[in-house]
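# Remarks on the overall topology
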Amino acid sequence: MQKHYTGLIERYRDRLPVSKSTRVISLCEGNTPLIQLQNIPRMIGKDVDIYVKFEGLNPTGSFKDRGMTMAVTKAVEAGSQAIICASTGNTSASAAAYAARAGIKAFVLIPEGKIALGKLAQTLMYNATIIQINGNFDQGMELVKEVANHAPVSIVNSINPFRLEGQKTAAFEIVDELGFAPDYHCLPVGNAGNISAYWKGYKEYATERVCGNRPVMCGYQAAGAAPFLAGHKIDNPETVATAIRIGNPQSWDFAIAAQQESGGWFDKFTDQQILAAQKMLSQFEGIFCEPASATSLAGALNDIGTGKIPEGSKIVCTLTGNGIKDPEIAMQQCADAKPVTIEADLDAVKRAILDCL
Ligand code: F0G
């Protein structure tokens, strides 16, 4: 028995591509809570068990840390002195943190003006070299693939297969905790690495003694950035959920395979629906995720409502990132709930409280 939790590579060492001599670069990622929703199922009047896998509680506040511990561990093992990624924000924060931990350099390409404030602040603090481009994530991704042929840098986007290896452990944790795989697994889909990784994880666990079932995979996109619904890549993706503002998903084939093999589906939701789900989760469950993450709940609630996900189902929604990463959207969401300012005396405080009861 291990005394301390030391990260997902140690926990799932026998299922990951590391050897005894591998120097593991870890920030104790993974082991995130699987929280059963209590109030929302009651409010919608449906007999369903909805769990959220709160990946916003990883060291840099998103699920990216699962993939990054593996990708950076393997980059360092291969002798790499620098890593690079394109990002909508979370990958850049995670890459920067793990590079700092490893003592190597991180370069990140981000779309100028389209990164949530918290993600930018993190990436700066971890001391990555930030290259802002006048373009979107998809253009950044193409540039990163090009430049890696011309400079000694390892790509740590999810096209790096070690990323998916790390990320598949989220499915392991869910099965280990529940004792079975859920009936439905709902995820936001952007570059499509995460849905691919979960499916890999469930398949690896389902084929052994661990659990006998696999979930139906439900991939949800923002309406303005929904290439899987269009059936082809799109040029100018747009959504308030900047994390998934992606038109040319790199893991297209894996994600289609996950959907088809699991008997699942893709769907898309408007910014308004996504923001409503984010607010609902904060307000009624005390769980604050970033907008993109709430797409999973928006989708699940829609599909429960229409009966596509039947009553009696056990559903897991991945909440991919922490709400405090995007304070600007949060403040906009709460524009009507401005704090009152009063004199610093007892009567005024008393009045302020009584007015609200
Ligand atoms: N949710 C959040 C919070 C994300 O940051 C991302 C992707 C996704 C969902 C979608 O996951 O790409 O595996 O389908 N963010 C990447 C980034 C693109 O650069 O941080 P995916």
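Per chain, residues are indexed from 1 in the order of the written sequence. Only residues with pLDDT of 70 or above have their local features reported here, since the model is predicted, and side-chain atom pairs are shown and tallied only from 80 upward, although totals for entire chains, interfaces and linings are computed over all residues. Neither water nor hydrogens contribute to the side-chain values; these are computed over all heavy atoms in the structure.

Here we come to the nonpolar core. Generally speaking, soluble globular proteins have nonpolar side chains that are buried together. I50, L297 and I315 are the most contacted members of the largest nonpolar core, which totals 34 residues. Residue assignment for this core shows that the elements contributing at least two residues are strand 2 (49–54), strand 7 (184–188), strand 8 (216–222), strand 9 (265–269), helix 12 (271–285), helix 13 (291–306) and strand 10 (314–319). For the purposes of this section, nonpolar cores are sets of buried Ala, Val, Leu, Ile, Met, Phe, Trp, Tyr and Cys residues that join through side-chain atoms within 4.5 Å. Exposure is judged per residue with a 1.4 Å probe applied to protein chains only, and the accessible area is read against the type maximum: over 50% gives exposed, under 20% gives buried, and values in between give partly exposed. Among the nonpolar cores identified, the runner-up in size contains 30 residues, and A171, L187, V189 and Y205 belong to it. The helix and strand labels rest on DSSP assignments: H or I over at least four residues marks a helix, E over at least two residues marks a strand, and numbering proceeds from the N terminus.

Here we come to the sheet that holds strand 5 (residues 129–133). If DSSP finds at least two bridges between two strands, the strands pair. The sheet built from four strands is open, its strands ordered 5-4-3-6 with parallel pairing. With one partner strand each, in any of the chains shown, strand 5 and strand 6 (154–155) form the two edges of the open sheet. Relative to strand 6, strand 3 (residues 82–86) runs parallel, the two sharing two bridges. In the strand pairing of strand 6, I84 is matched with I155.

One open sheet holds the six strands; their spatial order is 1-2-10-7-8-9, and the pairing between them is mixed. The sheet is open, and its two borders are formed by strand 1 (34–36) and strand 9, each paired with just one other strand. Averaged over neighbouring strand pairs, the angle between their axes works out to 25° when direction is ignored. Pairing of strand 1 with strand 2, which is carried by three bridges, proceeds in the antiparallel orientation. Between N-to-C directions, angles cover 0 to 180 degrees, with each direction set by a line fitted to C-alpha atoms, over the stretch in contact for helices.

Any carboxyl oxygen of Asp or Glu within 4 Å of a side-chain nitrogen of Lys or Arg constitutes a salt bridge here. This structure, assessed with the given rule, holds 17 salt bridges. Residue E173 pairs with K53 through a salt bridge whose shortest N-O separation is 2.7 Å. Here K53 lies in strand 2 and E173 lies in helix 8 (residues 169–178), a separation of 120 residues in the sequence. In terms of burial, E173 and K53 fall into one category: buried. A salt bridge links K168 to E165, with the shortest nitrogen-to-oxygen separation between them at 2.7 Å. E165 carries the same exposure label as K168, and that label is buried. Through salt bridges with shared partners, one network takes in K53, E55, R66 and E173.

The subject of this paragraph is the state of the cysteines. Any two cysteine sulfur atoms lying within 2.5 Å of each other are counted as a disulfide. Tallied over the full model, the rule gives zero disulfides. We note that C211 lacks a disulfide partner, and the nearest cysteine sulfur, in C218, lies 17 Å from it. Taking the relative accessible area as the measure of exposure, C211 reaches 5% and is therefore buried. Here C289 is not disulfide-linked; the sulfur of C317 is the nearest cysteine sulfur, at 9.8 Å. Classification of C289 as buried rests on a relative accessible area of 0%.

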